[in-house]
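As a plain string of letters, each chain reads:
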Amino acid sequence: QRWPDVAFANVFGQTETLGAYTTLGPDDHRDPRRIGSVGRPLPGVDVRVVDPSTGADLTEDEVGELWVRTEQAVGGAVRAGGWFRTGDLGRRDADGYLYPAGRMSETINRGGEKFGPAEVADAVRTHPAVAEVAVAGVPDEEMGERVGVLVVPADGNAAPTLDELREHCRGRLAPYKLPEVLAVVDALPHDELGKLRRRVLVEVIAARAIADGARRDRG
């Protein structure tokens, strides 16, 4: 709105695809339906959304692993037929736009229910008192992992409580995806490239879980 004559383009890819394989053009950046999208495949690129366990193609808006077929793909993960398993999770809408949902290595496994942290983060981020959020699975003896949330409060706001976040996310998330451990920080742990330091993220949330458990044990 401030710069109506400035156009943005977002591209998405990885080292093994030698650069981008999708793009979100300037007009799409002004379309609220495309928030969170990385666009559609570039010419000459095919993308599938696949159940990583079965290799079956998923329907629109189902989250699965992104498989890419492009002459630029390299590395040992290229399968028969030229498909490259990216290790990225994502979904595709009815118009063919792709929406990343995190890395498979970051998948939360809560009692056998597997899902990416991105959809939890997207729901938490809609709370008005939340400026930034990061989500990770934290080890748990009973469930395998619990849904952990690291929150930076918005300026001038008190941090929401765990109960407030859970209530806010009801209707936005399935019950098993609701936040279970909350840690509040002044800033998210990013490295020098601006990427989240996943190990530190898990350690901070896990420490919060241990502290909460100790309080429960004391009654």
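The paragraphs below set out a description of the structure included in this document. (Residues numbered from 1 in each chain as written. Predicted model: local features only at pLDDT ≥ 70, side-chain atom pairs only at ≥ 80, totals over all residues. Heavy atoms only, no water.)

Digging into the pattern of salt bridges
- All told, the structure shown has 17 salt bridges when counted by the stated rule.
- Between Glu106 and Arg198 there is a salt bridge, with its nearest N and O atoms 3.9 Å apart. One end of the pair, Glu106, is in the loop between strand 7 (98–103) and strand 8 (108–110); the other, Arg198, is in helix 4 (residues 198–217), and 92 residues separate them in sequence.
- When its relative accessible area of 23% is taken as the criterion, Glu106 is described as partly exposed.
- Given the relative accessible area of 25%, Arg198 is considered partly exposed. (Salt bridge = Lys/Arg side-chain N within 4 Å of Asp/Glu carboxyl O. Helix = DSSP H or I, 4+ residues; strand = E, 2+ residues; numbered from the N terminus. Buried < 20%, exposed > 50% of the residue type's maximum accessible area, 1.4 Å probe, protein only.)

Describing the layout of surface pockets
- Volume-wise, the largest pocket comes out at about 1,100 Å³.
- Lining the largest pocket are 34 residues, and of these Pro100, Ala101, Gly102, Ala118 and Asp122 sit closest to its centre.
- Considering every element that reaches the lining of the largest pocket, the biggest residue donor is helix 2 (residues 117–125), with 7 residues.
- Broken down by class, the residue content of the lining of the largest pocket amounts to 18 nonpolar, 4 polar and 12 charged.
- Of the pockets and cavities examined, the second largest pocket occupies roughly 370 Å³. (1 Å grid on protein atoms, 1.4 Å probe; cavity = no way out; pocket = protein on both sides within 12 Å on 5 of 7 lines; lining within 4 Å. Points joined across faces, edges and corners; volume = space filled by probe spheres on them. Nonpolar A, V, L, I, M, F, W, Y, C, P; charged D, E, K, R; others polar.)

Describing the sheet that holds strand 4 (residues 46–50)
- Judged by pairing direction, the sheet is antiparallel, and its 4 strands sit side by side in the order 4-5-6-7 without closing on themselves. Of all the strands in the sheet, just strand 4 and strand 7 have a single pairing partner and so form its edges. Averaged over all neighbouring strand pairs, the angle between strand axes comes to 45°, with direction disregarded.
- One ladder, built from 5 bridges, connects strand 6 (residues 84–92) with strand 7; its direction is antiparallel. Paired with Gly90 across the bridge in strand 7 is Pro100. (Pairing = 2+ DSSP bridges. Axes fitted to C-alpha atoms, helices over the stretch in contact; angles between N-to-C directions.)

A few points about helix 3 (residues 162–169)
- Taken together, the buried positions of helix 3 are occupied by Leu165, His168 and Cys169. Buried residues of helix 3 fall within an arc of 90° about the axis and therefore sit on the same side. Seen from the buried face of helix 3, the exposed residues on the opposite side, beyond 90 degrees, are Asp163 and Glu167.
- Of the residues trailing helix 3, Gly171 is marked for its positive phi of about 90°. (Arc of directions from axis to C-beta.)

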